[in-house]
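Single-letter residue listing:
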Amino acid sequence: TNRNIVGWWSFGVAITVLIIGLLPIIHNFGMGPAWFEFKWLSRNVYNIIFIVEGFFLMVATFAMEL
């Protein structure tokens, strides 16, 4: 991250989406409860979450202090 607020927001979004992406994988290995599958979350919503993450990461790229 960097010293401005955009870096921290991007970091927070990236960690959140990383967890959302890893929980179904962990469940496929037989670990964790059934809600790790996110069956209540449609595929379109899942893809939109990753699109939003990509947007935040693009914004952070241009906002970084080099």
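Computed from a predicted model, the values in this text were never measured in an experiment. (Residues numbered from 1 in each chain as written. Predicted model: local features only at pLDDT ≥ 70, side-chain atom pairs only at ≥ 80, totals over all residues. Heavy atoms only, no water.)

Considering the overall build of the chain
Argument step 1. A tally of regular secondary structure across the chain gives two helices and zero strands.
Argument step 2. When burial is assessed residue by residue, the chain has 24% of its 66 residues classed as buried.
Argument step 3. For the chain, long-range pairs separated by at least 24 residues make up 55% of all intrachain contacts whose partners lie at least 6 apart in sequence. (Helix = DSSP H or I, 4+ residues; strand = E, 2+ residues; numbered from the N terminus. Buried < 20%, exposed > 50% of the residue type's maximum accessible area, 1.4 Å probe, protein only. Contact = heavy atoms within 4.5 Å.)

What to know about the side chain of His 27
Argument step 1. One can find His 27 in helix H1 (residues 5–28).
Argument step 2. If we ignore the near neighbours within four places in the chain, the residues touching His 27 are Gly 32, Pro 33, Ala 34, Phe 36 and Glu 37.

Re the nonpolar core
Argument step 1. Residues Ile 20, Leu 23, Phe 36, Phe 38, Leu 41 and Tyr 46 constitute the largest nonpolar core, which totals six residues.
Argument step 2. Excluding its chain neighbours within four sequence positions, the residues that come into contact with Tyr 46 are Ile 20, Gly 21, Pro 24 and Leu 41. (Core = buried A, V, L, I, M, F, W, Y, C linked by side-chain atoms within 4.5 Å.)

Observations concerning the packing of aromatic side chains
Argument step 1. Inspection of every chain in the model, using the stated rule, returns one aromatic pair.
Argument step 2. Ring centres 6.2 Å apart and planes at 80° place the aromatic pair Phe 55 and Phe 56 in the edge-to-face group.
Argument step 3. Exposure remark for Phe 55: the relative accessible area of 48% places this residue in the partly exposed category. (Phe/Tyr/Trp six-rings, centres within 6.5 Å; stacked < 30°, edge-to-face > 60°.)

A look at the side chain of Glu 53
Argument step 1. Inspection of the secondary structure assignment puts Glu 53 in helix H2 (residues 43–63).
Argument step 2. Although Glu 53 lies buried, it forms no salt bridge, and the closest oppositely charged side chain, Arg 43, sits 13 Å away as judged by the N-O distance.
Argument step 3. In this view, Glu 53 contacts Val 13, Ala 14 and Val 17; residues no more than four positions away in its chain are not counted. (Lys, Arg positive; Asp, Glu negative; His and termini not counted. Salt bridge = Lys/Arg side-chain N within 4 Å of Asp/Glu carboxyl O.)

Comments concerning the environment of Pro 33
Argument step 1. Structurally, Pro 33 can be placed in the loop between H1 and H2.
Argument step 2. Distance from Pro 33 to Leu 23, taken between C-alpha atoms, is 9.6 Å for residues ten residues apart in sequence.

Some details on the packing of H1 against H2
Each packed pair of helices is defined by two parameters, the angle between the axes and the distance between the axes.
Argument step 1. Packing of H1 against H2 brings their axes to within 9 Å, and their N-to-C directions diverge by 150°. In this view, H1 runs roughly antiparallel relative to H2, as classed from their interaxial angle. Our pair here, H1 against H2, has a crossing hand that is left-handed. Every residue of H2 that contacts H1 at Val 6, Trp 9, Ser 10, Val 13, Ala 14, Val 17, Ile 20, Gly 21 and Pro 24 is listed here: Tyr 46, Ile 49, Phe 50, Glu 53, Phe 56, Leu 57, Val 59, Ala 60 and Ala 63.
Argument step 2. Of the residues belonging to the contact of H1 with H2, the class tally is 15 nonpolar, two polar and one charged. (Axes fitted to C-alpha atoms, helices over the stretch in contact; angles between N-to-C directions. Parallel < 35°, antiparallel > 145°, perpendicular 65-115°, else oblique. Left-handed = near helix turned anticlockwise from the far one by under 90°. Nonpolar A, V, L, I, M, F, W, Y, C, P; charged D, E, K, R; others polar.)

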